[in-house]
Amino acid sequence: MKGTYLIRTFGCQMNEHDSERIGGMLRADGMTPTAEVADARVVVLNTCAIRENADNKLYGNLGHLKPLKAENPDLRIVVAGCLAQKDQGLIQQKAPWVDVVVGTHALPHLLDLLRRAEDEGPQMDIAEYTELFPSALPAARNDAFRAWVSIAVGCDNACTFCIVPFVRGAQRSRAIGDVLAEVQGLARDGVVEVTLLGQNVNTYGRDVTVPGTSRRPLFAELLRQVNEVEGLRRIRFTSPHPHDFTPDVIEAMAESEKVCEHIHFPMQSGSDPVLRAMQRSYRRERYLGWLDRIRDGIPGVGVSTDIIVGFPGETDADFADTLDAVSRARFDSAYTFQYSPRPGTRAASMPDQLPKEVVQERFERLVSLQERISLEKARAQVGTETEVLVEGAGRRGASSQSRTRTNRIVHLQGALDPGTFVTARITDAAPHHLSGEVVPAPALV
Ligand code: SAM
Ligand code: SF4
């Protein structure tokens, strides 16, 4: 197909990864990207289903595209991602101007679907099983220096609040050789940082074997092998599940110099009864014990988390336990969410769904506690010097945004080249970012 395309991505890193593949397929087919929706021949909405407001966003966006489609019947509108998988035929019922609905497992069929839509009208493909990892598709990356690498898709857990297993299916790991080949190719192309992606990276390899053996590859082993890839400087991953966390991962992190000192370790709640009702199989003290071991094993490690407020039946005492666990855990940052009932999940039909005002009030208290802790931890960085990777232009004037190995954002004066490493001296701190100045490299003698 000729012309331009625009992709809007909602949700998590897995969707960012898939959007780069959608762009790669369209580009391989002869299309070019545009930032202007009015110029686009193909608009793709790559959707998220994790909370209800994500649904509302899709239908809001489709409402805005309706008059454009009426003006330009050649415009092709594609809905991809988790909501496509969840809502299926409902999308074209509600918005008949959508040309293609492509589910999470059917991404490799996108170009065929677009071609068929030209001749036959609206198309939908909601395959139930991933035959080809999206990673095997061509990619149009947003950055030349960093990349997402999927190591597994889907999830075998059944957290009672979560729609992911319904829309992404059971876990399927990628062969270790395929992951390594992708990372080696990326490093040869100049990529210096990779983020390994999976819904539960610790259970990576449960469903594949190391070639020539009957042995299952382990996540720690994968980390060590990726660490050997020449040219690569930083390795990140997201997310480990506290249930399956094992000491070998801490050891591999500590001993692999390219693996960054940051871990996203989703706690979800600090109350044991709520964790039980969520079907998260660890408990608060076990979680906090893991944190101690992670911090002992990886000095200076940055820790972030996910917390849900207002799970059905959460009492004042349960919430007090969450506040207490947050005070003890001293996360560097936290993604805090108000519980959102998702159709088909067990929690959606539990009794004692909480009133919005109660959830809102608890949410605000949690956010303000975490902001205070984030600020204290950020202030402790002032005066230190640290290696940062420049990611791009900053928000204000001639400034740049960079990131520490521990995943802190550092704003620097001056327009620096994305993808370069500099040493930053930290001069100021806010809860969500640091400010700093570049320390000049010592002159060579
Ligand atoms: N696999 C990851 C894990 O277990 O940590 C989580 C993936 S999910 C895309 C990201 C986060 O969204 C979850 O950790 C959870 O905090 C939040 N989340 C998921 N379902 C939710 C719901 N129904 N309401 C509110 N937050 C939710
Ligand atoms: Fe959802 Fe739980 Fe799987 Fe994470 S581990 S994707 S929260 S079901």
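Our structure's up above, just so we're on the same page.
The structure presented is a predicted model; accordingly, all values stated were derived computationally and were not measured.

1. Structural notes on the site of ligand 2
Here is step 1 of the chain: In the neighbourhood of ligand 2, the contacting residues comprise Cys 155, Asn 157, Cys 159, Phe 161, Cys 162, Val 164, Pro 165, Gln 199, His 241 and Arg 280.
Here is step 2 of the chain: When the residues that make up the shell around ligand 2 are grouped by side-chain class, the tally is six nonpolar, three polar and one charged.

2. Brief notes about the pairing of strand E3 (residues 42-47)
Here is step 1 of the chain: Buried residues dominate E3, accounting for six of its six residues.
Here is step 2 of the chain: Two strands pair when backbone bridges link them, and strand E1 (residues 4-9) and E3 are joined in this way by five bridges, in the parallel orientation. For Arg 8, the partnering residue across the bridge sits in E3 and is Leu 45.
Here is step 3 of the chain: Pairing analysis gives six bridges linking E3 to strand E4 (residues 76-81), with the strands arranged parallel. Looking at E4, one finds that Val 43 is bridged to Ile 77.
Here is step 4 of the chain: You can see the chain leave E3, run along helix H2 (residues 52-71) and come back into E4, and the turn it takes is right-handed.

3. Some details on helix H1 (residues 13-28)
Here is step 1 of the chain: In this model H1 runs 23 Å from its N-terminal to its C-terminal C-alpha over 16 residues, within 8% of the 22 Å that 1.5 Å per residue would give.
Here is step 2 of the chain: A large share of H1 lies buried, amounting to 12 of its 16 residues.
Here is step 3 of the chain: Along H1, the residues that are buried comprise Met 14, Asn 15, His 17, Asp 18, Ser 19, Glu 20, Arg 21, Ile 22, Gly 23, Gly 24, Met 25 and Leu 26.
Here is step 4 of the chain: Positive backbone phi, at 105°, marks Gly 30, one or two positions downstream of H1.

Calculation criteria
- Residues numbered from 1 in each chain as written.
- Chains lettered and ligands numbered in written order.
- Predicted model: local features only at pLDDT ≥ 70, side-chain atom pairs only at ≥ 80, totals over all residues.
- Heavy atoms only, no water.
- Near = heavy atom within 4 Å.
- Nonpolar A, V, L, I, M, F, W, Y, C, P; charged D, E, K, R; others polar.
- Buried < 20%, exposed > 50% of the residue type's maximum accessible area, 1.4 Å probe, protein only.
- Helix = DSSP H or I, 4+ residues; strand = E, 2+ residues; numbered from the N terminus.
- Pairing = 2+ DSSP bridges.
- Right-handed = clockwise from strand over helix to strand, strands pointing away.
- Expected span 1.5 Å × (residues − 1).

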